[in-house]
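The residues making up each chain are set out below.
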Amino acid sequence: MAITVNGAPLELAPGSLAAILEALDYGDAIVATALNGDFVPAEERAHTQVRDGDRVEILAPMQGG
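What counts, and where the lines are drawn
Residues numbered from 1 in each chain as written. Predicted model: local features only at pLDDT ≥ 70, side-chain atom pairs only at ≥ 80, totals over all residues. Heavy atoms only, no water. Core = buried A, V, L, I, M, F, W, Y, C linked by side-chain atoms within 4.5 Å. Buried < 20%, exposed > 50% of the residue type's maximum accessible area, 1.4 Å probe, protein only. Helix = DSSP H or I, 4+ residues; strand = E, 2+ residues; numbered from the N terminus. Pairing = 2+ DSSP bridges. Axes fitted to C-alpha atoms, helices over the stretch in contact; angles between N-to-C directions.

**A short note on the nonpolar core**
Thinking step 1. One finds Ile3, Ile20, Val50, Val56 and Ile58 to be the most contacted residues of the largest nonpolar core, which totals 13 residues.
Thinking step 2. Contributing elements (two or more residues each) for this core: strand E1 (2-5), helix H1 (17-23) and strand E7 (55-59).
Thinking step 3. Ranked by the residues each element gives to this core, the list is headed by H1, at three residues.

**Concerning the sheet that holds E1**
Thinking step 1. Taking strand neighbours across the sheet as the criterion, the five strands line up as E2-E1-E7-E4-E5 in an open arrangement whose pairing is mixed. The sheet is open, and its two edges are formed by strand E2 (8-11) and strand E5 (38-40), each paired on a single side. When strand polarity is set aside, the average angle formed by the axes of neighbouring strands in this sheet is 30°.

Shape descriptors only; they carry no functional weight alone.
Pasting the structure below:
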């Protein structure tokens, strides 16, 4: 399926948002996620299906000073 992740087009197998994160090597990383502009809490990712044409945003905390 064709989706957009952080503004870049990708072809991935259909699945849950959790499966998409795993496929993109985010596995156990602490990140914030949004699907089509709506925030998706970590506990809902396994039950949130990503479909063809969806937009996924993945935000990781930054360190610095």
